[in-house]
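# Structural overview for review
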Amino acid sequence: MAQTFEEISAADFFYRNRDIAGFTNPARAVFSSMRELVENALDASDLYSVSPDIYIRLSQEDEAEPDEIAVYTLRIEDNGSGIPPRHIPSAFGQVLFGSKYKLKQARGTFGLGGTMAILYGQITTHKPVYVASSTGTSKIYKYKLMIDIQRNRPLILDRKIQINKDKWRGTIVEFCLEGDYFRAMPKILEYLKQTALVTPYANITFIDPKGRLYKFTRVTTKMPPPPKETLPHPYGVDVETIQRLIRITPCRNMLDFMKTHFHRVGENIAHHFLEFAGISERKNPKKLKPHEIVRLVRMIKRFKGFLPPDASCLSPLGEELLKAGILKELKPEFTAVFQRKPSTYSGHPFIVETAIVYGGDVPKDDFPVYRFANRIPLLYDEASDVSVKVIRSINWRRYKVLPDMPIAILVHVCSTKVPYKTVGKEFIADRPEVKREILNGIREVARQLQRFLTKREHVEKERRRLSVFSKYLPKIARFSTELAGKEKTPDIKKLLRTVRKLEEEKK
Ligand SMILES: Nc1ncnc2c1ncn2[C@@H]1O[C@H](COP(=O)(O)OP(=O)(O)OP(=O)(O)O)[C@@H](O)[C@H]1O
Ligand SMILES: [Mg+2]
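Let me begin by describing the structure that accompanies this report. (Residues numbered from 1 in each chain as written. Chains lettered and ligands numbered in written order. Predicted model: local features only at pLDDT ≥ 70, side-chain atom pairs only at ≥ 80, totals over all residues. Heavy atoms only, no water.)

## Observations concerning the pairing of strand 1 (residues 53-60)
What counts here: In this description, strands pair whenever DSSP reports at least two bridges between them. Secondary structure is summarised from DSSP: a helix means a run of H or I of at least four residues, a strand means a run of E of at least two, and numbering begins at the N terminus for each.
Strand direction decides the pairing type here: strand 1 and strand 7 (residues 203-207), joined by five bridges, are parallel. When the sheet's bridge partners are listed, Tyr-55 is paired in strand 7 with Thr-205. With six bridges connecting them, strand 1 and strand 2 (residues 70-78) associate as antiparallel partners. Residue pairing in the sheet places Ile-56 in a bridge with Ile-76 of strand 2.

Shown next, in the form of structure tokens:
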């Protein structure tokens, strides 16, 4: 029989392989849909540094039993940037379309998540998505869309323009999907709690299908400084990148080309590099032959004089906000937070933030690890994640940590390119550079915890000593008074007060 060959669109590919995007089963689908839309909403408010107000409502459409798969309507409202009207259809009706293919930190990277949720809704309920958005102009644009999966194109079913009397800015998305909320519920609530932890400047409201209200209120309006877009770092480029740059460059010589298109390459470094590579400064980049481009890339990798990337394209949370988030959601007795200096892997800058908490709302037995990447909580596939591997490799007894202590560890990796292993963004690959930074970050906070535990141990010992004193001292005083044949027992209160005071001073 003759073979048949065909081409499929990107949307068709993800329709056939929805597991790799995190849409494995009805429970996971509700979770993933919600998280993708929440992350889009948070990205949109980061864009203008507005404190996010996010409203999420999941309502059940049919009368399914609690343990059955049901049809839900998911609605998310945000007060973020809004979307320019001409991009609304593609933003929600075309996979691999987005505004975040830039070299700066964002939650979104693939141009897939939100659209994938809508696609899943469509293939399970055959209903359209409703989008309303305004960038704060005098108009609100309302669309009713479906996705032409085979062509990977939006189908506009309806479009309305409304007057924006209140100068509202933001986006509302509403669509139906099949799901299993009751199986997904623990993960969804955990996701929202961890999102609130890492976004202490956001108000997040969630109404679940039973009408229960979950509210996460902001404790600060301070937001991390927004990231700036950056140029590719020389150590991260390959032949394809150079070819693309050559195609678009207005530069007429190699000196300008190096200075214009690469991160932290100035006159001096460009000059030294071209000398090192044996390429004339005056050569026109458009005249480079293919083998010269390959050689250029090889020489770039060999040259030791490029500066490390700066971190302005990143937006870590910062120690103060991280601590505020932790105090708000976990209410621990002790917290240590630490931000490592910027580092790089394959030319991509990244920063690791770590924290360790003790007591409060932290459970006693399971030593939870809260993992975050670009301010997104990662909840699945924990065992495969680099942070968990690092944590398991540490000898915790060295830090006085015992298995039944109420301790949790938090690791936040932020980068222009987080090394996720799947498009579902669930776990981070173990790149040696990232691994090292995580290890050093955890060691730092673990040392602080060790100091706290040592001090606590000491205080506990003294407290016990004092309680022994206060128990026996009165008796000793009485007996010695009797033995000495005296009437009046000495005042031991004063003595105990002195011991207590000495203890206080020792602390
Ligand atoms: N709430 C929103 N506010 C503003 N823009 C939005 C919103 N939701 C989606 N968008 C726009 O739609 C685009 C596509 O969103 P989608 O979630 O599919 O991809 P992404 O966020 O770019 O990447 P990822 O697949 O990693 O989530 C985004 O890049 C953004 O420009
Ligand atoms: Mg997204």
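## Some words on the environment of Asp-19
Tracing the backbone through its elements, the reader meets Asp-19 in the loop between helix 1 (10-16) and helix 2 (26-47). A sequence separation of 403 residues divides Asp-19 from Thr-422, and the C-alpha atoms of the two residues are 9.8 Å apart.

## What to know about a nonpolar patch on the surface
Note the following rule: Patches draw on residues past 30% relative accessible area with no salt bridge. Two like charges within 9 Å are joined, as are two nonpolar side chains (Val, Leu, Ile, Met, Phe, Trp, Tyr) within 5 Å. We get accessible surface area from the Shrake-Rupley algorithm with a probe of 1.4 Å; when it comes to residues, only the shown protein chains can shield them. By convention in these notes, a salt bridge is any Lys or Arg side-chain nitrogen within 4 Å of a carboxyl oxygen on Asp or Glu.
A contiguous nonpolar surface patch, about 220 Å² in accessible area, is contributed by Ile-8, Phe-13 and Ile-20. With respect to the helices, strands and loops of the structure, Phe-13 is situated in helix 1.

## Describing the packing of helix 7 (residues 254-261) against helix 8 (residues 267-277)
Angle between the axes and distance between the axes are the two parameters that describe a pair of packed helices. For clarity, the cut-off: All axes are obtained by fitting lines to C-alpha atoms, using only the stretch in contact for helices, and the reported angles, taken between N-to-C directions, cover 0 to 180 degrees. Roughly parallel means an angle under 35 degrees; roughly antiparallel, over 145; roughly perpendicular, 65 to 115; everything else is oblique. Working rule for handedness: look at the near helix, and if it is turned counterclockwise from the far one by less than a right angle, call the crossing left-handed; if clockwise, right-handed. In what follows, a contact means two residues having at least one pair of non-hydrogen atoms within 4.5 Å. For this classification, the nonpolar set comprises Ala, Val, Leu, Ile, Met, Phe, Trp, Tyr, Cys and Pro, the charged set comprises Asp, Glu, Lys and Arg, and every other residue, Gly included, is treated as polar.
Contact geometry for helix 7 and helix 8: axes closest at 9 Å, N-to-C directions at 125°. Comparing the axis directions of helix 7 and helix 8 gives the class oblique. Note that helix 7 runs across helix 8; the crossing there is right-handed. Contacts from Met-254, Leu-255, Met-258 and Lys-259 of helix 7 reach helix 8 at Glu-267, Ala-270, His-271, Phe-273 and Leu-274. Partitioned by chemical class, the residues of the contact of helix 7 with helix 8 number six nonpolar, one polar and two charged.

Spatial relationships are all this shows, so hold off on functional conclusions.
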